[in-house]
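Next come the chains, spelled out residue by residue.
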Amino acid sequence: MPTLVSAVTERYPSAKRAEKGRILDELCATTGWHRKHAVRALRRHETVTPGEVGAVRERRRGYGATTKDALMALWEASDRVCGKRLTVMIPTLLPALEQKRPIEA
């Protein structure tokens, strides 16, 4: 099997989407593998040279400082519940916090 995968691996990376599907169909029919296993086997054999590896991008900041401070206040007021529950509680908590402490401009 390794020689078969090596032979197919040469064609797979440079093939178009439709051709990749045909290559996977042939490999699955020949080996009896599931399609996902065949994809993983082909990707595992792909070689990447150091010049092809892209730089790791950092995640962009989701919120500004004022929004983050407001969310932290809501999170503390809700006794640090998880984000899923906090999202549901915000419409209830926000008016209560606005009445309790005026927003400074």
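What you see is a predicted model, and the numbers here were worked out from it, not measured in a lab. (Residues numbered from 1 in each chain as written. Predicted model: local features only at pLDDT ≥ 70, side-chain atom pairs only at ≥ 80, totals over all residues. Heavy atoms only, no water.)

Peer 1: What is the right way to look at the overall build of the chain in this model?
Peer 2: When helices and strands are counted, the chain shows 5 helices and 0 strands. Sequence-ordered secondary structure for the chain, helices as α and strands as β, is α-α-α-α-α. Across the 105 residues in the chain, those meeting the buried criterion constitute 18%. Nonlocal contacts in the chain, meaning residues at least 24 apart in sequence, comprise 30% of its contacts between residues at least 6 apart. Accessible surface computed for the chain: about 9,200 Å², of which carbon and sulfur atoms make up 54%. (Helix = DSSP H or I, 4+ residues; strand = E, 2+ residues; numbered from the N terminus. Buried < 20%, exposed > 50% of the residue type's maximum accessible area, 1.4 Å probe, protein only. Contact = heavy atoms within 4.5 Å. Areas by Shrake-Rupley, 256 points an atom, 1.4 Å probe, with all protein chains shown as cover.)

Peer 1: In this structure, what is going on with helix α4 (residues 65-77)? I would like to understand it.
Peer 2: The end-to-end C-alpha distance of α4, which contains 13 residues, comes to 18 Å, matching closely the 18 Å that a straight helix rising 1.5 Å per residue would cover. Downstream of α4 by a residue or two, aspartate 79 has a phi angle that is positive, lying close to 65 degrees. (Expected span 1.5 Å × (residues − 1).)

Peer 1: Got a minute to help me understand the packing of aromatic side chains in this structure?
Peer 2: Aromatic rings in a pair are described by how distant their centres are and how their planes are angled relative to each other. For the structure shown, the criterion picks out 0 aromatic pairs. Positioned above the aromatic ring of tyrosine 12 is the side chain of lysine 20, whose terminal nitrogen or guanidinium carbon lies 5.0 Å from the ring centre. (Phe/Tyr/Trp six-rings, centres within 6.5 Å; stacked < 30°, edge-to-face > 60°. Lys NZ or Arg CZ within 6 Å of the ring centre and 35° of its normal.)

Purely spatial values, then, with no claim about function.
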